[in-house]
Amino acid sequence: MIRLDITNKSFGEKLIFKNTTFHASKGEFIGIKGESGVGKSTLLSMIGLLDNFSGKYELYNDVITRKNKEQIRINNFAYVFQNPYLIPYLTVRENILMPSKNLKFKLSSEEVAEAAKRFNIFDLLDRTPVNLSSGEAERVALCRAVLSKRE
């Protein structure tokens, strides 16, 4: 479960959130919609611990503090940005394996192959990102996020 009790979030003079609560349960799918500039991306950044706000953040009933924020982010969140941020000189397979190397856990060849098949990128594993369409690159980034084994 994620719960944000946002006392205040602003950019300069522009108040984005005031006395706002957001919560989501494990396994719940939520859509966030609204006009441009109302805070959709800001909310996602706060949920993913990428942006600070005044208030309280709880994850699985544990309060997130400045001391534990970085470790909680590493252990619990995988991000897929609008730009997939693939490393151009690595193969698709190496890009998918990058989080496992950084976080020091093993992924088997079978795990990578199975996930690549699910995302319809199995035939791309030995290509470099320069040779991918934007849709293919997005699927590689999604596959990488899913295989990063975050909670």
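Let me begin by describing the structure that accompanies this report. (Residues numbered from 1 in each chain as written. Predicted model: local features only at pLDDT ≥ 70, side-chain atom pairs only at ≥ 80, totals over all residues. Heavy atoms only, no water.)

This paragraph deals with the layout of surface pockets. Reported here for the largest pocket is a volume of approximately 1200 Å³. Around the largest pocket sit 32 residues that line it, and Ile2, Leu44, Ile47, Phe77 and Ala78 are the ones nearest its centre. Elements with a contribution of two residues or more to the lining of the largest pocket: strand S2 (14–24), helix H1 (40–47) and helix H5 (134–146). By residue number, the principal contributor to the lining of the largest pocket is H1, which donates four residues. Looking at side-chain class alone, the lining of the largest pocket contains 19 nonpolar, eight polar and five charged residues. (1 Å grid on protein atoms, 1.4 Å probe; cavity = no way out; pocket = protein on both sides within 12 Å on 5 of 7 lines; lining within 4 Å. Points joined across faces, edges and corners; volume = space filled by probe spheres on them. Helix = DSSP H or I, 4+ residues; strand = E, 2+ residues; numbered from the N terminus. Nonpolar A, V, L, I, M, F, W, Y, C, P; charged D, E, K, R; others polar.)

Per the stated rule, a full pass over the model turns up three aromatic pairs. For the pair Phe77 and Tyr79, a centre-to-centre distance of 6.3 Å together with 15 degrees between the ring planes defines the contact as stacked. With a relative accessible area of 11%, Phe77 lands in the buried category. Ring geometry for Phe81 against Tyr85: centres 5.8 Å apart, planes inclined by 80 degrees, an arrangement best described as edge-to-face. Under the relative-accessibility criterion, Phe81 is labelled partly exposed at 42%. One aromatic cluster is present, formed by Phe77, Tyr79, Phe81 and Tyr85 through successive ring pairs. (Phe/Tyr/Trp six-rings, centres within 6.5 Å; stacked < 30°, edge-to-face > 60°. Buried < 20%, exposed > 50% of the residue type's maximum accessible area, 1.4 Å probe, protein only.)

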